[in-house]
Amino acid sequence: MSAVPPLGTAHRHEKGRAGRFVTFEGGEGAGKSTQMRRLQQRLAERDVEAIATREPGGSPHAEALREALLGGKAASLGPLGEAVLFSAARIDHLDRLIKPALARGAWVICDRFADSTRAYQGARGGVEPRLIALLERVALLGTTPDLTIILDLPPEIGLERARQRRAPDETADRFEREDMAFHEGLRQSFLDIAASEPGRCCVVDALAPEEEVAQAIWHIVEARFFRGNAEQKTEQASA
Ligand code: TYD
C-alpha cells in the first residue's frame, strides 16, 4: 500500500539519479574530513565532480538546525526529538543539495548521514530501532548511499584527536561531552551497522597512517565504481 520504498533499497534506478552517493561515518576524531578531501582530490584527477558536504548541515536550514543540535539547545527534547530534528535537517539537505547534485551526475561525499542517527540517537540514545527506521524511511525516500565508509578507531584516540584540533576558545560539542562508555558503544554500533549491511558498508582501520587510510578508501571506491569500466574498456580494446 505504501508508496515509500523499502529501507535499504539501493536506488541505482531512482529517477533522475546519475551520480554516486558516498557517506563517511565513525566516531569522533576518526579523520573523516581529511579522508573526504583526499577522496575528492582523487576523483577530480579522474575528472569526476564530487561535492563534499556534511551533516547535520549542508544547506542553510539544516545549518540552522545544526546550531541547535550541537550547541545542546535541542538536548532537552530527548533522543527521539533530536532524531526528528536531525531527520528534518536531512530532508532539507537532500532536497536542496544532495538530490539535485546526484541528478546532474555529480558525486556527493557526505560527512555523516543516516547511520549517525541510527548509532547516536538509536543504539546509544535508546530510541527504538522501529522508530529510527521509520524516520529514516521518511527522510531518505529511497536516496540511500551507494557506499558508506566507516572509519574505525578506539574512541580514546579519536576523542584526543578531536580535543587537539579544537581551537582554544572552542568547547566540545554536545556529543563529544558524553562519557567513554557512550563512545565505546558508538564504535560497536557502527561496526554492527557495517555487519548488517555488508553490501553498502566498508570498515576501514583509521588508526593506520593517513596515507594508508586514503589508499584503502581509494581501493574500495575504485573496485566498486571504476573497475567494471576499466575491464569493459580493456575488453573493448582487445576485441
Ligand atoms: P561534527 O562537529 O560534524 O563532528 P564529527 O567530526 O564528529 O562528525 O558533529 C556532528 C555531531 O553530531 C557528532 O557528534 C555526531 C552527531 N550526530 C548525531 O548525533 N546524529 C546524526 O544524525 C548526525 C548526522 C550527527
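Residues numbered from 1 in each chain as written. Predicted model: local features only at pLDDT ≥ 70, side-chain atom pairs only at ≥ 80, totals over all residues. Heavy atoms only, no water.

Chemist: Can you explain the site of the ligand? Please cite residues and give values.
Modeler: Around the ligand there are 17 residues in total, and Glu-28, Lys-32, Arg-112, Thr-117 and Gln-121 lie nearest to it. At 2.7 Å from an oxygen atom of the ligand is found a side-chain nitrogen or oxygen belonging to Lys-32. Take Gln-121: an N or O atom from its side chain is 2.8 Å from a nitrogen atom of the ligand. Contact with the protein chains covers 92% of the free accessible surface of the ligand, which is 540 Å². (Near = heavy atom within 4 Å. Polar contact = N/O pair within 3.5 Å; in protein donor to acceptor, adjacent residues only side chain to side chain. Areas by Shrake-Rupley, 256 points an atom, 1.4 Å probe, with all protein chains shown as cover.)

Chemist: Now, about the packing of aromatic side chains: what can you tell me, with residues and values included?
Modeler: By the definition in use, this model includes 8 aromatic pairs. Between Tyr-120 and Phe-175 the ring centres are 5.4 Å apart and the planes differ by 80 degrees, which places this aromatic pair in the edge-to-face class. Remark: Phe-175 occurs in the loop between helix 6 (155–165) and helix 7 (180–196) and Tyr-120 occurs in helix 4 (residues 114–124); sequence separation between them is 55 residues. An aromatic cluster is present here, built from Phe-86, Tyr-120, Phe-175, Phe-182 and Phe-190 joined pairwise through their rings. The ring of Phe-226 carries Arg-46 above its face, with NZ or CZ at 4.5 Å from the centroid. (Phe/Tyr/Trp six-rings, centres within 6.5 Å; stacked < 30°, edge-to-face > 60°. Helix = DSSP H or I, 4+ residues; strand = E, 2+ residues; numbered from the N terminus. Lys NZ or Arg CZ within 6 Å of the ring centre and 35° of its normal.)

Chemist: Requested: an account of the pattern of salt bridges, with residues and values cited.
Modeler: Enumeration over the complete set of coordinates arrives at 21 salt bridges. Across the salt bridge formed by Arg-200 and Glu-197, the nearest N and O atoms sit 2.9 Å from each other. In this pair, the class of Arg-200 matches that of Glu-197, namely buried. Linked by salt bridges that have partners in common, Asp-115, Arg-118, Glu-136, Glu-197 and Arg-200 make up one network. (Salt bridge = Lys/Arg side-chain N within 4 Å of Asp/Glu carboxyl O. Buried < 20%, exposed > 50% of the residue type's maximum accessible area, 1.4 Å probe, protein only.)

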